[in-house]
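A look at the structure
Here is how the chains run, residue by residue.
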Amino acid sequence: MAQILKTIKKRQTFVKVMNQGKFTRGKHFNINFLEDDELDKLIFVGYTATKKIGAAIYRNRAKRIMRELARKVIAKYSKRNIYYVIIAKNSILKTSFKELETELKRLIL
């Protein structure tokens, strides 16, 4: 059964995950994650695409890709009570979606 994903909206939550969480480096994106027992069996996901990606059109496209990846992969394979922050790299725009799915699955398991 797919779990409900919630979006991280507050900067303080992003900072908390960055400072206290664990960091995993990938080829097309990096992931920070932090387990928190107070989340009531939910999964929170945040998306970051910096100006290194390019103009706003490319950053927005990268975020759309990451949201779809989270919906397909994290909702299905992730543990509960966890925060994820996905940080895009330039190569996310040039890579097939199938390859991105397998990389994200490898990084979260």
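This section reports on the structure supplied with the text. Keep in mind that this is a model prediction, so the values were computed, not measured. (Residues numbered from 1 in each chain as written. Predicted model: local features only at pLDDT ≥ 70, side-chain atom pairs only at ≥ 80, totals over all residues. Heavy atoms only, no water.)

The phi dihedral of Asp-40 falls on the positive side, at around 60 degrees, and the residue is not glycine. In this fold, Asp-40 is placed in the loop between strand 3 (29-35) and strand 4 (43-48). Not every positive phi belongs to a glycine, and Lys-41 is a case in point at roughly 60 degrees. Take Lys-41: it is sitting in the loop between strand 3 and strand 4. (Helix = DSSP H or I, 4+ residues; strand = E, 2+ residues; numbered from the N terminus.)

Looking at the element boundaries, Asn-30 is found in strand 3. Judged by its relative accessible area of 9%, Asn-30 falls in the buried class. Separated by 3.2 Å, the side chain of Asn-30 and the backbone nitrogen of Gly-26 make a polar contact. Leave out the neighbours within four places in its chain, and Asn-30 touches Phe-23, Thr-24, Arg-25, Val-85, Ile-86, Ile-87 and Lys-89. (Buried < 20%, exposed > 50% of the residue type's maximum accessible area, 1.4 Å probe, protein only. Polar contact = N/O pair within 3.5 Å; in protein donor to acceptor, adjacent residues only side chain to side chain. Contact = heavy atoms within 4.5 Å.)

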